[in-house]
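Reading the structure
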Amino acid sequence: MKIVKAIFWTLWRIWFYVLMGVPIIIMSPFLILSILSEKTYPQFFIMARLWAKIILFGMGFYYKIEREQKLEKGKSYMLVANHTSMTDIMLMLVISKNPFVFVGKKELVKIPIFGFFYKRTCILVDRESSKSRFEVFKRAQHRLNQGLSICIFPEGGVPEDENVILDEFKDGAFRLAIEHQIPVVPMTFADNKKRFSFSFFSGSPGRMRAKVHHFIETKGLTLDDKKDLKDRVRQIIYHQLLHYTKGKA
């Protein structure tokens, strides 16, 4: 039985990367045209959302999104969520119709095909380099000034300890939100780790729940309020994760 499961997981994981790559190859002429100029990023974003839906449905995932508040068209936000899976990227794309730019780790550039577009459309960070972190702020500010939103997973990566439900948050997302006086949108992803974790022999098709919480306004806040804002957002996501864990959702 273990051998059968291992074969299933292996084929299923391979299928995930097929679903990542094939739609990109098919759409590549349009994708390349859409990244030639920053002005056409919204067109790229539309295709990215289609790509995300193909992957989720192709893997047998169906999502259920609960919204306490809806994003307003044409408005910039700081989108933040807990991070446990590569599918967090796809689910975030599905949730937000407002064009946004990911701030993500540079290692994903190594993924064939996907990495080519990832490098050219996302803001990459090398967390070991202070210079890289400074460049992230400059590029994020530039994108916000263009009217786009920014998405950051504030844990800065996936918790290394399997028993940790939510890691500590980094400051970056909250500093940017305050500096640009844009709302922070906390989101909780309940099932992504169970559905498709970073452990190879794990996961299964099924439901993906997400909750978009009430937005937190930053108008009038200063950088002195950064820690309070960060802690408030973390508590919202943490308590929602506990709520899901107890099976009350």
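Data block above holds the structure.
1. Regarding the pairing of strand 2 (residues 78-81)
On any regular strand, side chains alternate: one points to one face of the sheet, the next to the other face. Residues of strand 2 alternate between two faces, with M78 and V80 on one and L79 and A81 on the opposite face, all of them buried. By the bridge criterion, three bridges tie strand 2 to strand 5 (residues 149-152) in an arrangement that is parallel. Bridging across to strand 5, L79 finds its partner in C151. Sheet topology note: the strand 2/strand 6 (residues 184-189) ladder contains four bridges and is parallel. In the sheet register, V80 faces strand 6, and the bridge partner there is P186.

2. Observations concerning the pairing of strand 5
Neither face of strand 5 is exposed, since S149 and C151 on one face and I150 and I152 on the opposite face are all buried. In terms of strand pairing, strand 3 (residues 100-105) meets strand 5 through four bridges, oriented parallel. Directly across from V103, in strand 5, lies its bridge partner I152.

3. A look at the state of the cysteines
Counted according to the given criterion, the structure contains zero disulfides. There is no disulfide at C122, and the cysteine sulfur nearest it, in C151, is 9.3 Å away. C151 sits in the buried class, given a relative accessible area of 0%.

4. Observations concerning the environment of F200
The topology assignment puts F200 in the loop between helix 7 (192-195) and strand 7 (206-212). The spacing of F200 and R13 is 187 residues in sequence and 7.5 Å in space, taken between C-alpha atoms. Here F200 is in contact with W9, T10 and R13, once residues within four sequence places are set aside.

5. Notes on a nonpolar patch on the surface
A grouping of I3, I7, L11, I14, W15, V18, V22 and I26 is seen on the molecular surface, where their side chains present a nonpolar patch of about 780 Å² in accessible area. Residue W15 is classed as partly exposed on the basis of its relative accessible area, which comes to 40%.

6. Some points on the sheet that holds strand 6
If you walk across this open sheet you meet the seven strands as 1-7-6-2-5-3-4, and the pairing is mixed. Pairing within the sheet leaves two strands with one partner each, and these edge strands are strand 1 (61-67) and strand 4 (123-125). Strand-to-strand twist in this sheet, taken as the mean axis angle between neighbours without regard to direction, amounts to 20 degrees. The pairing of strand 6 with strand 7 spans three bridges and is antiparallel. Bridging across to strand 7, T188 finds its partner in K211.

Thresholds applied
Residues numbered from 1 in each chain as written. Predicted model: local features only at pLDDT ≥ 70, side-chain atom pairs only at ≥ 80, totals over all residues. Heavy atoms only, no water. Buried < 20%, exposed > 50% of the residue type's maximum accessible area, 1.4 Å probe, protein only. Helix = DSSP H or I, 4+ residues; strand = E, 2+ residues; numbered from the N terminus. Pairing = 2+ DSSP bridges. Disulfide = S-S within 2.5 Å. Contact = heavy atoms within 4.5 Å. Patch = residues over 30% accessible without salt bridge, like charges linked within 9 Å, V, L, I, M, F, W, Y side chains within 5 Å. Areas by Shrake-Rupley, 256 points an atom, 1.4 Å probe, with all protein chains shown as cover. Salt bridge = Lys/Arg side-chain N within 4 Å of Asp/Glu carboxyl O. Axes fitted to C-alpha atoms, helices over the stretch in contact; angles between N-to-C directions.

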